[in-house]
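# Fold and geometry: a report
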Amino acid sequence: MTWQRFAVLATLVAAAVLLNGCAQQTPAGPRIYVFENGAIRGLDPALFNFTREELKEVDFVNQSYLIVHPSGTLMFDAGAIADAHLKDDGSVVTEGVVTASKPLLPQLAAAGYAPRDVTYFALSHFHSDHTANANEFASATWIVQKAERDFMFADSPRGIVQPATYSALRDAKTKILDNEDFDVFGDGSVVVMATPGHTPGHQVVAVKLANRGTVVLAGDLYHYPEERTTGRVPTFEFNLEQSKASRARVEKFLSDTKATLWIEHDKPTHAALPKAPAYVD
Ligand SMILES: [Zn+2]
C-alpha cells in the first residue's frame, strides 16, 4: 500500500469511528437500552400476598436501563450484585436469593457509554436489588425524592438495604424532589414520576418513544403482573395507602397515554425486550 492510500484509508476509518460515536451520542429521539442484572429465585409468594398457584412465574429477573435522549442520558437503577463481586469468566455468582453472571459496566460499554457519560442517575428505590452499582454513577446528577434520600442516609436505614452500595451518592450533584415529578430534559419525553408507597420516595420513569409509544419503567410499583389484576399489594410496603394511590395514578396515566408498563422484575416482560447493545426506540 502506498503512503497516500494508507493516509486515505486511515482518514476514512477515523471518520467512520467519529460518525459512529456521534450516532451513539445524539440519537434523533429517546431510546432505551436494557441491561441484564441476573435473577432472584426462591421467593415466597406469600410475601406478595399470593399463593404459588396464583402466579404464572414466581422468580424475578433484575434489570436496569440507560435512557439516551438527544440532550443527555439517564441511568435508571443499578443492578443487584456489584460488578466487583462478579467473575470475569461469566460464571454465576450467588448472594442470598440473588444470582447474576453479567457485570453491568461492560453492557453499558457495549452500548457505547461509560459511567462518566451518564448525565442523570435515578433509582426506582433504595432496595439492594436495585442499587448494587450505584456508586459508579456518582459523577452524574442524582435525581431523588427528598423522603427517599432522607431514609437512605438515616443513621440506621431499615429494610432491604445496603448503604455501602450507594454511599458515594451522598456527595453527588443532586436534584432533590419533594414528592413531585421531574421532566428530565425539559421536553416532556423523559419524566421521573413520584410514586411513593413501596418505599418513601419510589419513582417510575415515563419515556416517549417514536416507534413504541410511551413506556413506563415501573421499578417495583408492581412485582408481578397479577398485582395489577387483583389489586393485591406486597406485605412489606412502606406505606400501603400511598402504594395504592401511586398505582391508581400510574394506571390512569397508562390509559390516558396508551402507554406500556414494564415491570422491572417481570420475567416475561424482560424476555421480550432486546438487550443492549440493541435498544428500543
Ligand atoms: Zn426489587
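Treat the numbers as computed from the prediction; the structure is a model and nothing was measured.

In this section: helix H6 (residues 240-257). Its 18 residues place the ends of H6 26 Å apart at the C-alpha level, agreeing with the 26 Å of an ideal helix rising 1.5 Å per residue. Elements in contact with the buried residues of H6: strand S11 (203-209), strand S12 (213-217), helix H5 (226-230) and strand S13 (260-262). Put simply, Asn239 is the residue that caps the front of H6, since its side-chain oxygen is 3.1 Å from the backbone nitrogen of Glu241. Looking one or two residues past H6, Lys258 carries a phi angle of roughly 55°, positive in sign.

Here we take up the environment of Lys244. Note on placement: Lys244 falls in helix H6. For Lys244 and Pro196, which are 48 residues apart along the polypeptide, the C-alpha to C-alpha distance reads 9.4 Å.

So, about the confidence of the model for the protein chain. Fine structural detail should not be taken from predicted coordinates in areas where pLDDT scores are low. Here the protein chain averages 93 in pLDDT, and 91% of its residues register 70 or above. Confidence scores differ between elements of the protein chain, with helix H1 (residues 3-25) showing the lowest mean pLDDT of 48 and strand S6 (residues 120-122) the highest of 99. Segment residues 12-23: pLDDT under 50, and one contact once partners within four positions in sequence are set aside and those in other chains are kept.

Moving on: the coordination of the zinc ion. Ligation of the zinc ion by protein atoms is provided by Asp129 (OD), His130 (NE2), Asp220 (OD) and His265 (NE2), these donors lying 2.1 Å from the ion. With four donor atoms in place around the zinc ion and angles of 85 to 169° between them, the coordination shape is irregular.

A word on the nonpolar core. Among the nonpolar cores identified, the biggest contains 27 residues, and Tyr33, Phe35, Leu66, Met75, Phe121, Phe137 and Trp142 are the most heavily contacted of them. Of all the secondary structure elements, the ones that give two or more residues to this core are strand S1 (31-40), strand S2 (60-69), helix H2 (104-110), strand S7 (141-145) and helix H4 (146-152). When near neighbours in sequence (up to four residues on either side) are disregarded, Phe121 contacts Leu74, Met75, Asp77, Ala78, Ala134, Phe137, Ala140, Thr141, Trp142, Ile143 and Leu169.

This paragraph deals with the sheet that holds strand S3 (residues 72-76). Pairing is mixed in the open sheet, where eight strands are placed in the order S4-S5-S1-S2-S3-S6-S7-S8. Edge positions in the sheet fall to strand S4 (93-95) and strand S8 (174-177), since each of these pairs with one other strand and no more. Shown here is a sheet whose adjacent strand axes are inclined to one another by a mean of 25°, direction ignored. In this sheet, S8 lies alongside S7 in parallel orientation, the contact comprising four bridges. From the neighbouring strand, Val144 faces S8, where its bridge partner is Ile176.

Burial analysis of strand S10 (residues 190-194) places five of its five residues in the buried class, which makes it a mostly covered element. Residues of S10 alternate between two faces, with Val190, Val192 and Ala194 on one and Val191 and Met193 on the opposite face, all of them buried. In this structure, strand S9 (residues 182-183) lies alongside S10, joined through two bridges in antiparallel fashion. Looking across to S10, one finds that Asp183 is bridged to Val191. Turn length for the S9-S10 hairpin, with the two strands adjacent in sequence and antiparallel, is six residues, and the turn residue Gly186 shows positive phi of about 80°. Note: S10 against S11, five bridges, orientation antiparallel. By the bridge assignment for S11, Val191 is matched with Ala206.

Tracing the backbone shows His125 in the loop between S6 and helix H3 (128-131). Here Ser124 takes part through its side chain, which lies 2.8 Å from a polar atom of the side chain of His125. Reaching out from His125, the side chain makes a polar contact with the side chain of Asp220 at a distance of 3.2 Å. Not counting residues up to four positions away in its chain, the partners in contact with His125 are Asp77, His130, Thr131, Glu148, His198, Thr199, His202 and Asp220.

Following the criterion strictly, the structure yields eight salt bridges and no others. Note that Arg228 and Glu251 form a salt bridge whose closest N and O atoms lie 2.9 Å from each other. Here Arg228 is found in helix H5, whereas its partner Glu251 is found in helix H6, with 23 residues between them in sequence. The class of Arg228 is partly exposed, set by a relative accessible area of 37%. For Glu251, a relative accessible area of 25% gives the class partly exposed. Between Asp256 and Lys252 there is a salt bridge; the shortest N-O distance is 2.6 Å. Here Lys252 and Asp256 lie together in helix H6, a separation of four residues that amounts to about one turn.

Cut-offs used in this document
- Residues numbered from 1 in each chain as written.
- Predicted model: local features only at pLDDT ≥ 70, side-chain atom pairs only at ≥ 80, totals over all residues.
- Heavy atoms only, no water.
- Helix = DSSP H or I, 4+ residues; strand = E, 2+ residues; numbered from the N terminus.
- Expected span 1.5 Å × (residues − 1).
- Contact = heavy atoms within 4.5 Å.
- Polar contact = N/O pair within 3.5 Å; in protein donor to acceptor, adjacent residues only side chain to side chain.
- pLDDT = per-residue confidence, 0-100.
- Donors = N, O, S within 2.8 Å, 3.2 Å for Na, K, Ca; no water.
- Tetrahedral: all angles 85-135°; square planar, octahedral: opposite > 155°, others 65-115°.
- Core = buried A, V, L, I, M, F, W, Y, C linked by side-chain atoms within 4.5 Å.
- Buried < 20%, exposed > 50% of the residue type's maximum accessible area, 1.4 Å probe, protein only.
- Pairing = 2+ DSSP bridges.
- Axes fitted to C-alpha atoms, helices over the stretch in contact; angles between N-to-C directions.
- Salt bridge = Lys/Arg side-chain N within 4 Å of Asp/Glu carboxyl O.

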